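The residues making up each chain are set out below.
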Amino acid sequence: MKIDAQPDPDVLVIGGGPTGLTLAAELALGGVSVTVVERQQTPSGQSRGGGISARTCEVLAMRGLLDATAGQSLTRDGAGGHFAGLPVPLDARPWRTRHPNGLLIPQDRIEQILEARARELGATVLRGTELTGLTTGDGVTATLAGPDGATVLRSSYLVACDGAHSSVRKLTGVPFPGRAGTMAAVSADIELAAASESVPRTLGHISGLTRRVGGVWMLLHPLGDATDPATPYRVVFSGPEQATLPREAPVTAAEVAAALTAVHGPETRLGRLRWGSRFSDACRQLTDYRHGPVLFAGDAAHIHTPVGGQGLNLGVQDAMNLGWKLAAQVRGDAPDGLLDSYHAERHPVAARVLAGTRAQSLVMSPPPDADDVRALRDIMIDLARLPDANRYLAGMMSGLDLRYDLGDPDTVDDPLVGRRIVDLSLVTADGPTTVSTLLRSGHGLLLELGPPSALPPHVHPRVDAVVARAVDSPVGSTLGAGPGIDRVLVRPDGYVCWAGAGPDASPEAALRRWFGTAAVPLTPSGAGS
């Protein structure tokens, strides 16, 4: 008997974290039915991933979710991301983003916003339900165990968004190659009964929130107003005790209290341990993100040490890349190879993040006797202060520098193609707007910069054509391309897939490649205006 007589969805998403919920919303926006299966009965209430990058802020703005997210974020003193915790804030402003500092927000708050959005769009979320069996063939058959018993759901596709210990990986036997962890650490949300002077009272740059005393390293910061005794703190720490405990051992209050005393002195006393979990610096990545009708995203596809706070962002952006492509595949209007481009584009991105986190782990907090690593760290600090190096690191850590290799010899040399579209301020025939607002439909966007026209050319049922004039804004008023570029085709995930100059430049080939044969010949630029 099916749980609550659930209908079979087009796509089954396993895992209701940020990756799975983002994907569910994108699929529903694309017009396909989706069911999310989440093992936890209720939202976790755990801070876990503590922030979103500048690029993830842009992604949320593209779907109208940024204001709600910002309203739930934490207040931070100062600004700037970091690389390896070095005491040099990274400045993302040269990348022309409206959100150079990202947002600090506990993961449970992000999940609430994303789940509400997915449900609003028509996605079904089954909580307290676990995947127990899986067979594949012409689609997927999933056996689920829920609060009302067992059920079987069938779908055309299944996407594993169920984290580092993915049940989908285990049931399918997909190998997860990489490097085992070499260190052990704890992440927890706690309440303090008392705090010494060394305990951070505000949220500032990470370099001011971390301390090493003896063999114990710790990151500690409040999750709200530190003057309120009930305000929880997030703590991450590692030391000799953690290295001796098995991965499955529960985190205890005594363990957390001992680490607090070691780093912040006996005046700092634990009031309550809300939750705690163990992690390592293991780095693993699937060789292939697609296995027939089963796809993988987020931590189910790749894991790395959380240094740099990139994991949540990497998963959300996996989902944004996959969502519109999988929706097109299910609808039946995807061009050949579109779904396979998910792996081709996202696998190299995660591989780069894994390499970056390994490098950061090396230099973030070298032990006192590691003079060679300390020397390297000092050099890295000097380099990070150089504008060009700072810009490079800021782009890498924020995801703003990403350029997909779209594999098109006709357009790949254009400086815009494969890169994110800058969120310009625009004036259209309907009034002022922004690029991110124009992308809220989940459609592609053909943007022509020129005098606003009332009747922009129709190009494709799933591409919105807009003629607009760019106006001054914090990110400038130009596309940032070579001379004369005034037309761009933007994918639903916000990346440019074609750029052209003048009325004779036609994106028709790109339209067919990315949006399928429903594309029609273009009306000349400005026709009907």
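Whatever comes next refers back to the structure up there.
Overview of the structure. Note that this is a predicted model, so its numbers are computed, not measured.

1. Quick word on the overall build of the protein
Looking only at helices and strands, the protein features 13 helices and 25 strands. For 529 residues, the compact-globule estimate of 2.2 N^0.38 gives 24 Å, and the protein sits close to it at 24 Å. Each principal axis of the C-alpha atoms in the protein carries an extent, and together these give about 75 × 60 × 40 Å. Accessible surface for the protein amounts to roughly 21400 Å². Of this, 53% is attributable to carbon and sulfur atoms. Side chains of the protein give 47 positive and 55 negative charges; the mean places of these two sets differ by 2 Å.

2. What about unusual backbone geometry?
Even without glycine at this site, Ala-84 takes up a positive phi of about 60°. With respect to the helices and strands, Ala-84 occurs in the loop between helix 3 (66-71) and strand 4 (103-104).

3. Thoughts on the sheet that holds strand 5 (residues 124-127)
Strand order in the open sheet formed by 6 strands is 5-2-1-9-18-17, with mixed pairing between adjacent strands. Looking at which strands have only one partner, the edges of the open sheet turn out to be strand 5 and strand 17 (290-291). Across 4 bridges, the pairing between strand 1 (residues 11-14) and strand 2 (residues 34-38) is parallel. Note on strand 2: the bridge partner recorded for Leu-12 is Thr-35. Here helix 8 (residues 311-331) sits on the sheet in contact with strand 1, strand 9 (157-160) and strand 18 (294-296), set at roughly 165° to strand 9.

4. A few points about the sheet that holds strand 7 (residues 139-146)
Pairing is antiparallel across the open sheet formed by 3 strands, whose spatial order is 6-7-8. Only two strands of the sheet have a single partner each, and these edge strands are strand 6 (130-137) and strand 8 (149-155). Looking at each pair of strands side by side, their axes are set apart by 15° on average, direction ignored. Relative to strand 7, strand 6 is paired through 7 bridges, and the arrangement is antiparallel. When the bridges of strand 7 are listed, Gly-137 appears paired with Gly-139.

5. Details of the side chain of Glu-58
Topologically, Glu-58 is positioned in helix 2 (residues 54-62). Judged by relative accessible area, which is 6%, Glu-58 ranks as buried. Contact partners of Glu-58, with chain neighbours within four places excluded, come to Arg-96, Thr-97, His-99, Leu-400 and Arg-420.

6. Points about the pairing of strand 25 (residues 496-500)
Within strand 25, 5 of the 5 residues are buried, leaving the element largely enclosed by the surrounding structure. Looking at chain direction, strand 24 (residues 487-490) and strand 25 are connected through 4 bridges and run antiparallel. From the neighbouring strand, Val-488 faces strand 25, where its bridge partner is Ala-499.

7. Let's talk about a nonpolar patch on the surface
Residues Ile-379, Leu-383 and Leu-386 make up a contiguous nonpolar surface patch of about 270 Å² in total accessible area. Note that Leu-383 resides in helix 10 (residues 371-384). Taking relative accessible area as the criterion, Leu-383 reaches 38% and is therefore assigned partly exposed.

8. Digging into helix 1 (residues 18-29)
Taking 1.5 Å per residue as the helical rise, helix 1 with its 12 residues ought to reach 16 Å, and the 16 Å between its terminal C-alpha atoms agrees with that figure. Across the 12 residues that make up helix 1, a large majority, 11, are buried. For helix 1, the complete set of buried residues consists of Pro-18, Thr-19, Gly-20, Leu-21, Thr-22, Leu-23, Ala-24, Ala-25, Glu-26, Leu-27 and Ala-28. The elements touched by buried residues of helix 1 are strand 1, strand 2, helix 4 (107-120), strand 5, strand 9 and helix 8. Gly-31, located one to two residues past helix 1, shows a positive phi value of around 90°.

9. Re the environment of Asn-313
Mapped onto the elements, Asn-313 comes out in helix 8. Since its relative accessible area comes to 5%, Asn-313 is described here as buried. Sequence separation between Asn-313 and Ser-53 is 260 residues; the distance between their C-alpha atoms is 6.6 Å. Apart from the residues within four sequence positions on either side, Asn-313 is in contact with Gly-51, Ile-52, Ser-53 and Thr-56. Side chain to side chain, Asn-313 and Thr-56 meet in a polar contact 2.7 Å long.

10. Some thoughts on the nonpolar core
Within the largest apolar cluster, 107 residues are counted, with the highest numbers of intra-cluster contacts made by Leu-27, Leu-158, Val-159, Val-168, Phe-296, Val-488 and Leu-489. Looking at this core element by element, the count peaks at 10 residues for helix 8. Setting aside residues no more than four positions away along its own chain, Val-159 makes contact with Val-11, Leu-12, Val-13, Ile-14, Leu-23, Leu-295, Ala-297, Leu-322 and Leu-326. If you look at the next biggest cluster of nonpolar residues, it comprises 30 residues, including Ala-92, Trp-217, Leu-219 and Met-380.

11. A closer look at the side chain of Thr-434
Residue placement: Thr-434 occurs in strand 21 (residues 431-434). There is a polar contact of 3.1 Å between the side chain of Thr-434 and the side chain of Ser-436. A distance of 2.8 Å separates a polar atom in the side chain of Thr-434 from a polar atom in the side chain of Thr-437. Excluding its chain neighbours within four sequence positions, the residues that come into contact with Thr-434 are Arg-98, Asp-423, Leu-424, Ser-425 and Leu-426.

12. Here's the deal with the packing of helix 2 against helix 8
Closest axis-to-axis distance for the helix 2/helix 8 pair is 10 Å, and the angle between their directions is 40°. Considered as vectors, helix 2 and helix 8 are oriented oblique to each other. Crossing hand, helix 2 versus helix 8: left-handed. Along the contact surface, helix 2 presents Arg-55, Thr-56, Val-59 and Met-62, while helix 8 presents Asn-313, Val-316, Gln-317 and Met-320. Classifying every residue of the contact of helix 2 with helix 8 gives 4 nonpolar, 3 polar and 1 charged.

13. Brief notes about the pattern of salt bridges
Considering all chains together, one arrives at 22 salt bridges under this definition. Between Glu-120 and Arg-117 there is a salt bridge whose closest N-O contact spans 3.5 Å. Residue Glu-120 and its partner Arg-117 are located together in helix 4, separated by 3 residues, close to a single helical turn. Glu-120 gets classed as exposed once you look at its relative accessible area, which sits at 60%.

Cut-offs and rules
Residues numbered from 1 in each chain as written. Predicted model: local features only at pLDDT ≥ 70, side-chain atom pairs only at ≥ 80, totals over all residues. Heavy atoms only, no water. Helix = DSSP H or I, 4+ residues; strand = E, 2+ residues; numbered from the N terminus. Rg over C-alpha atoms; globule rule 2.2 N^0.38 Å. Areas by Shrake-Rupley, 256 points an atom, 1.4 Å probe, with all protein chains shown as cover. Lys, Arg positive; Asp, Glu negative; His and termini not counted. Charge placed at Lys NZ, Arg CZ, Asp CG, Glu CD. Pairing = 2+ DSSP bridges. Contact = heavy atoms within 4.5 Å. Axes fitted to C-alpha atoms, helices over the stretch in contact; angles between N-to-C directions. Buried < 20%, exposed > 50% of the residue type's maximum accessible area, 1.4 Å probe, protein only. Patch = residues over 30% accessible without salt bridge, like charges linked within 9 Å, V, L, I, M, F, W, Y side chains within 5 Å. Salt bridge = Lys/Arg side-chain N within 4 Å of Asp/Glu carboxyl O. Expected span 1.5 Å × (residues − 1). Polar contact = N/O pair within 3.5 Å; in protein donor to acceptor, adjacent residues only side chain to side chain. Core = buried A, V, L, I, M, F, W, Y, C linked by side-chain atoms within 4.5 Å. Parallel < 35°, antiparallel > 145°, perpendicular 65-115°, else oblique. Left-handed = near helix turned anticlockwise from the far one by under 90°. Nonpolar A, V, L, I, M, F, W, Y, C, P; charged D, E, K, R; others polar.

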